[in-house]
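Results of the structural survey
One-letter residues, chain by chain:
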Amino acid sequence: MNAAVATSVFAVFMVATVALGLLALRGRGKGGGLAEWSVGGRSLGPVFIWVLMAGEGYTSFSYLGAAGWGYNYGAPVLYVVAYMSCGYAIGYVVGPMLWGYARRHGLVGITDMVAHRFGRPWLGAVVAVLATVFLLPYIQLQITGMGVVLSVISYGAVSLNWAYFAAFAVTTGFVVVSGLRGSAWVSVLKDVLVIVTLGFLALYVPLHYFDGYGPFLDRLVTEKSDWLTLPGHGGGGSGDGGGSGFGELWFISTTFLNSLTVVIFPTTVAGYLGARNADALRRNAMYLPAYNVLLFVPMLLGLAALFVVPGLAGAESNLALFKLVVDSLPAWAVGVIGVAAGLSSIVPMAIFMLVIGTMWGRSVLSLVPRLAERQKPAAQVVVVIAGSLALLLTYTAPNTLVRLSLISYEGMAQLLPMVLLALVWRRLTFRGAFSGLAVGVAVVCVLVFSGNDPVGGVNAGLVALAVNLAVALAVTFAGPRDADPRPDAEVLAHDPLGEDDGPDPLGEDDEPLAAARDARSASDSASDGASDHRV
């Protein structure tokens, strides 16, 4: 009976989620072209941008992985709050720059930006392939998270394997149909449920199991003091911190690396480009850190689970929060909390899959003449393929949620010189940026897959990025300058503060301008002509 009640609540909300995504497309014909599908027609207002970007930051990793790492190690998990808050501060500057650059040139993602900056369409295809490789673990993370939720709230009636498949099927169908706009609408529902359920659990769990915060914290300090300081409890690799890899150096280096990387993460950039204007991005950068307060709740509940459900090991630690929920709450409440966690998987997973589809449709498959004018359908096919690959990885290479997140960020960080430095420094040459990227990716792969992460307590991704940057600068200064006749205003990005937003180059009225600038933009503009700019 408990399983039937909880799963019924979950199923009803999943149906409502898909319906909400379809509702978001009202009045937009068949969903518009690639720009409407991938960046919401660049027409999302401050509220939708807020919930969309908050939704990217609050995923199943936060709901389950943060609790799991709190359970396993304790204090090191606070790096999540640190890097997200620092990333929002950096995004205050970077977000409007990327938004303005993409709008001026009719671009829809980082692969477009790289191709335009260096004047090489094939380079966008290379970046798309590389970014996909490092985004797949994050999609796997969300499939794992939603699968765990569905299996646990069904009280074991749904096996993990079937739960993983259900997570893949629901999200794939949702994103193919609704695109970025549908994700923004569903983010509103998700945020309401997340705030309500976590607020409830923050009060309920300490009172129910420990008679209040005082006894809980007293017991935590007395019995589990290792969890309250860096490097936290137990090991995690070689390095500083008395045999643990998660000491002060790891915390600082990971926070620094991730705060830089998150601003050029393809999904973050999708949120930037969906904004109606740059001011919406600046306001969100100021207000979004407040959302991070919620992250302390699953971390705290992970510590509470140490006393209630001891003995969870490895990937089982991801179950720490929901073990508490299933153990103490009625089935309907378990279902509602499961919905909040499930939507925390669906929204970011949808955005990740959408971004992969957009990158391939725009920068890879568009190079094939037969597909150049069918970028949106091609992108939707890629979404299904990417989701299927992530599902296969979930079955064959399971891992803890935090580990998957770290791998994605360490790999994606190697794009920083090519994507960000190149847009503000004209002197960086193609040879330098490409050489640095190749070396950086090679170094991070060797370190991660040989088990040498962290390196002497330092995040392996930061070590690889340092090598990447050194190679890029060395090749740039040692080699010839790029023979690019375009002026700086055409190549570099700047903050559009005080400028008139002007018409969207992908809009119907500006197709001739887009065609003059870039043949690929023209073909996409033709399919995107139906896009409008309503909220």
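Keep in mind that this is a model prediction, so the values were computed, not measured. (Residues numbered from 1 in each chain as written. Predicted model: local features only at pLDDT ≥ 70, side-chain atom pairs only at ≥ 80, totals over all residues. Heavy atoms only, no water.)

Okay, the overall build of the protein chain next. Within the protein chain, the secondary structure is distributed over 23 helices and zero strands. Looking at the protein chain as a whole, 61% of its 535 residues qualify as buried. Intrachain contacts of the protein chain at a sequence separation of at least 6 include 83% that bridge at least 24 residues. Accessible surface, the protein chain: about 18900 Å² in total, of which carbon and sulfur atoms supply 68%. (Helix = DSSP H or I, 4+ residues; strand = E, 2+ residues; numbered from the N terminus. Buried < 20%, exposed > 50% of the residue type's maximum accessible area, 1.4 Å probe, protein only. Contact = heavy atoms within 4.5 Å. Areas by Shrake-Rupley, 256 points an atom, 1.4 Å probe, with all protein chains shown as cover.)

This part is about the packing of aromatic side chains. In this description, an aromatic ring pair is defined by two values, namely the gap between the centres and the angle between the planes. Under the definition given, this model contains 23 aromatic pairs. When the centroid spacing of 6.2 Å and the interplanar angle of 65° are considered together, the rings of F118 and F430 count as edge-to-face. Residue F118 is located in helix α6 (residues 110–118), and its partner F430 is located in helix α19 (residues 430–449); the two are separated by 312 residues in the primary sequence. When sorted by exposure, F118 lands in the same class as F430, which is buried. Look at F210 and F307: their rings are 5.8 Å apart centre to centre, the planes differ by 80°, and that puts the pair in the edge-to-face class. A residue pair is termed long-range when its members are at least 10 positions apart, and F210 in helix α8 (residues 160–210) and F307 in helix α13 (residues 296–308) qualify at 97 residues. By relative accessible area, which is 7% here, F210 ends up buried. (Phe/Tyr/Trp six-rings, centres within 6.5 Å; stacked < 30°, edge-to-face > 60°.)

Nonpolar side chains collect at one region of the surface, where Y92, V93, M286 and Y287 lie side by side and expose about 410 Å² of accessible area between them. With respect to the secondary-structure elements, V93 resides in helix α5 (residues 79–105). Taking the relative accessible area as the measure of exposure, V93 reaches 44% and is therefore partly exposed. (Patch = residues over 30% accessible without salt bridge, like charges linked within 9 Å, V, L, I, M, F, W, Y side chains within 5 Å. Salt bridge = Lys/Arg side-chain N within 4 Å of Asp/Glu carboxyl O.)

Glancing now at the packing of helix α7 (residues 121–153) against helix α15 (residues 331–364). In the contact formed by α7 and α15, the axes pass within 8 Å of each other and the chain directions differ by 165°. Judged by the angle between their axes, α7 and α15 are roughly antiparallel. Every pair of crossing elements has a handedness; the one defined by α7 and α15 is left-handed. (Axes fitted to C-alpha atoms, helices over the stretch in contact; angles between N-to-C directions. Parallel < 35°, antiparallel > 145°, perpendicular 65-115°, else oblique. Left-handed = near helix turned anticlockwise from the far one by under 90°.)

Here L230 and P231 are connected by a cis peptide whose omega angle stands at 10°. For the peptide bond that leads from D453 to P454, omega is 5°, which places it in the cis range. With respect to the element layout, P454 can be found in the loop between α19 and α20 (460–478). Positive phi is not limited to glycine here, since Y155 has a value of about 55°. For Y155, the location among the structural elements is in the loop between α7 and α8. By relative accessible area, Y155 is classed as partly exposed at 31%. At D211, a position not held by glycine, the phi torsion is positive, near 65°. Position of D211 relative to the elements: it lies in the loop between α8 and α9 (213–223).

Moving on, we come to the environment of N292. Tracing the backbone through its elements, the reader meets N292 in the loop between α12 (278–287) and α13. Separated by 212 residues in sequence, N292 and V80 place their C-alpha atoms 8.9 Å apart. Apart from the residues lying within four places of it in its own chain, the contact partners of N292 are V81, M84, S85 and Y88.

Before going further, it helps to spend a moment on the side chain of T197. Here T197 shows up in helix α8. A distance of 3.3 Å separates a polar side-chain atom of T197 from the backbone oxygen of V194. (Polar contact = N/O pair within 3.5 Å; in protein donor to acceptor, adjacent residues only side chain to side chain.)

This part is about the pattern of salt bridges. For the structure on display, the rule yields five salt bridges. As a salt-bridge pair, R282 and D279 come within 2.6 Å of each other at their nearest N and O atoms. Taken together, the positions of R282 and D279, both in helix α12 and three residues apart, correspond to about one turn of that helix. For R282, a relative accessible area of 7% gives the class buried.

Once that is clear, we can look at the confidence of the model for the protein chain. Put simply, the protein chain has an average pLDDT of 81, and 80% of its residues get 70 or more. Per-element averaging of pLDDT across the protein chain places helix α22 (residues 511–517) at the bottom with 35 and α20 at the top with 96. Taken as a whole, residues 506–535 scores under 50 in pLDDT and shows 65 contacts with residues more than four places along the chain or in a different chain. (pLDDT = per-residue confidence, 0-100.)

Let's shift gears to the packing of helix α1 (residues 2–23) against α15. If you want to describe how two helices pack, look at the angle between their axes and the distance between the axes. Direction vectors running N to C along α1 and α15 enclose 40°, while the axes themselves pass 8 Å from each other. Remark: the crossing between α1 and α15 carries right-handed chirality. Taking contact as the criterion, the partners of N2, V5, A6, V9, F10, F13, M14 and T17 in α1 are, on α15, A331, W332, V334, G335, V336, G338, V339, G342, L343 and I346.

So, about the environment of V194. Mapping V194 onto the fold places it in helix α8. Along the sequence, V194 and L343 sit 149 residues apart, while their C-alpha atoms lie 8.9 Å from each other.

Tracing the chain through its elements places R104 in helix α5. Distance in space between the C-alpha atoms of R104 and A493 is 9.7 Å, their sequence separation being 389 residues. At 3.1 Å, the side chain of R104 and the backbone oxygen of L492 are in polar contact.

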